[in-house]
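Structural characterization, general
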Amino acid sequence: MAYQRRRRRKDYVDWRAFNDYQRSRVSQQFGGFDEDVKNVFFRLSPLTLSRFLDGYGSRYGPRAQAYARSTYPKWQSGEIEPSAQTLERLLEMLPPYLAAPDKCELLRKLRERFRRTESHSVTVSTANWRQVVIPLAEHLVHKAYHSQLPVQVEARLTWLSAGSMQATNALLAEAEAVAARNTIAFLDKEFANIRNVMANLPFGKTVTHEISLPYGQITVRVKEKHGMEHEKT
């Protein structure tokens, strides 16, 4: 594979093109999470914004603070797009200044951005569906507890290692698992309905049912056939 060097400012005809490329690079690295952080940033209360800008100045200097303070209305209106450098600073600095519910919501979106889902397709009958579908669904439930963010993302977003965020992450994993289990709990009723539908269909007809869980989707083809063996992909 040919080596691809990182583009520099002089590779571009104008500054705007360079900024667009840099912002795109940051957004790709964080899976679009920069958009979630920007949305929160632009809705900050005056008090929280003031506290954040004070901390911003302490970390990056008075000139950076003055620029952020004067440019914030233009960022907010969309007249000016934050630079890649500003986005990276927001990603790292903003969450600790937020109230617990807002931090929790950002972490939930970050988990969603990097969620690795699976797709499965199985063929069953109304008699054996539980033996096939339930273990597969339980596998997807347990993925919530073992889901991890990319190492490079955790290394850049140091606030993720705070004790409160670790606890929040565990709660979010449990919430995802509970949501999946709630879906599984309704499967008996759903397959009872499928059985009733199939009773009125010609023999050999197939009914397809989609099961959507946080960490994957199961496409179930229900086909009544004596002695059939389930197929799984």
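Anything mentioned here points back to the structure above.
Structure report, in brief. As the structure is a prediction and not an experimental result, all values here were calculated from the model.

Reading the values: rules and limits
- Residues numbered from 1 in each chain as written.
- Predicted model: local features only at pLDDT ≥ 70, side-chain atom pairs only at ≥ 80, totals over all residues.
- Heavy atoms only, no water.
- Helix = DSSP H or I, 4+ residues; strand = E, 2+ residues; numbered from the N terminus.
- Rg over C-alpha atoms; globule rule 2.2 N^0.38 Å.
- Buried < 20%, exposed > 50% of the residue type's maximum accessible area, 1.4 Å probe, protein only.
- Contact = heavy atoms within 4.5 Å.
- Areas by Shrake-Rupley, 256 points an atom, 1.4 Å probe, with all protein chains shown as cover.
- Lys, Arg positive; Asp, Glu negative; His and termini not counted.
- Charge placed at Lys NZ, Arg CZ, Asp CG, Glu CD.
- Axes fitted to C-alpha atoms, helices over the stretch in contact; angles between N-to-C directions.
- Parallel < 35°, antiparallel > 145°, perpendicular 65-115°, else oblique.
- Left-handed = near helix turned anticlockwise from the far one by under 90°.
- Nonpolar A, V, L, I, M, F, W, Y, C, P; charged D, E, K, R; others polar.
- Pairing = 2+ DSSP bridges.
- Phe/Tyr/Trp six-rings, centres within 6.5 Å; stacked < 30°, edge-to-face > 60°.
- Salt bridge = Lys/Arg side-chain N within 4 Å of Asp/Glu carboxyl O.
- Expected span 1.5 Å × (residues − 1).
- Core = buried A, V, L, I, M, F, W, Y, C linked by side-chain atoms within 4.5 Å.

Overview of the overall build of the chain
- A tally of regular secondary structure across the chain gives 10 helices and 4 strands.
- Scanning the chain from its N terminus toward the C terminus, one meets helices and strands in the order α-α-α-α-α-α-β-α-α-α-α-β-β-β.
- Taking 17 Å as the expected radius of gyration for a compact globule of 233 residues, we find that the chain reaches 24 Å, considerably beyond that expectation.
- A principal-axis box enclosing the C-alpha atoms of the chain has dimensions of 75 × 45 × 30 Å.
- Relative to its full complement of 233 residues, the chain shows a buried share of 42%.
- Across the chain, every contact between residues at least 6 apart in sequence was considered, and the portion connecting residues at least 24 apart equals 72%.
- Surface exposure of the chain reaches about 13900 Å², of which carbon and sulfur atoms provide 51%.
- If you average the places of the 35 positive and of the 25 negative side-chain charges in the chain, the two averages end up 5 Å apart.

Description of the packing of helix α6 (residues 100-113) against helix α9 (residues 163-185)
- Running from N to C, α6 and α9 cross one another at 60 degrees; their axes reach a closest spacing of 10 Å. Between α6 and α9, the angle falls in the class oblique. Here α6 and α9 pass one another in a crossing that is right-handed. Note on element contacts: α9 touches α6 through Met165, Thr168, Asn169, Leu172, Ala173 and Glu176, opposite Lys103, Cys104, Leu107, Arg108 and Arg111.
- In terms of residue class, the contact of α6 with α9 is made up of 5 nonpolar, 2 polar and 4 charged.

Observations regarding the pairing of strand β1 (residues 118-124)
- Where burial is concerned, most of β1 is hidden: 5 out of the 7 residues are buried.
- Here β1 pairs with strand β3 (residues 216-223) via 7 bridges, running parallel. Paired with Val124 across the strands is Val222, a residue of β3.

Structural notes on the packing of aromatic side chains
- Under the definition given, this model contains 11 aromatic pairs.
- For the ring pair Phe41 and Trp75, a centre distance of 6.2 Å and an interplane angle of 50 degrees mean the geometry is tilted. Of this pair, Phe41 sits in helix α2 (residues 33-41) while Trp75 sits in helix α4 (residues 62-77); the two residues are 34 residues apart in sequence, bridging distant segments of the chain.
- Aromatic side chains Phe52 and Tyr56 sit 5.7 Å apart centroid to centroid with 45 degrees between the ring planes, which places their arrangement in the tilted category. Taken as a pair, Phe52 and Tyr56 lie in helix α3 (residues 46-60) at a separation of 4 residues, close to a single helical turn.

A closer look at the side chain of Asp34
- Relative to the helices and strands, Asp34 is located in helix α2.
- Nearest to the buried, unbridged Asp34 among oppositely charged side chains is Lys38, at 5.0 Å.
- With sequence-adjacent residues up to four places away left out, Asp34 is seen in contact with Ser27, Leu87 and Leu91.

Structural notes on helix α7 (residues 129-146)
- Counted at 1.5 Å a residue, the expected span for α7 with its 18 residues is 26 Å, and the 26 Å between its end C-alpha atoms agrees.
- Turning to α7, its buried residues number three or more, namely Trp129, Val132, Val133, Ile134, Leu136, Ala137, Leu140, Val141, Lys143 and Ala144.

Structural notes on the nonpolar core
- Counting residues in hydrophobic clusters, the biggest one holds 34 residues, and the most contacted among them are Phe33, Phe41, Phe52, Leu94, Leu110 and Leu157.
- Top element by residues in this core is helix α5 (residues 84-93). It accounts for 5 residues.
- Look past the residues within four positions of Phe41 in its chain and what remains in contact with it is Leu49, Phe52, Tyr72, Trp75, Leu90 and Leu94.
- Grouped together as the second largest cluster of nonpolar side chains are 25 residues, Val124, Ile134, Val141 and Leu187 included.

So, the pairing of strand β2 (residues 206-213)
- Residue alternation in β2 divides its side chains into a buried set, Val207, His209, Ile211 and Leu213, and an unburied set, Thr206, Thr208, Glu210 and Ser212.
- Across 8 bridges, the pairing between β2 and β3 is antiparallel. Bridge pairing links His209 to Val220 in β3.
- The loop that links β2 with its antiparallel partner β3 comprises 2 residues.

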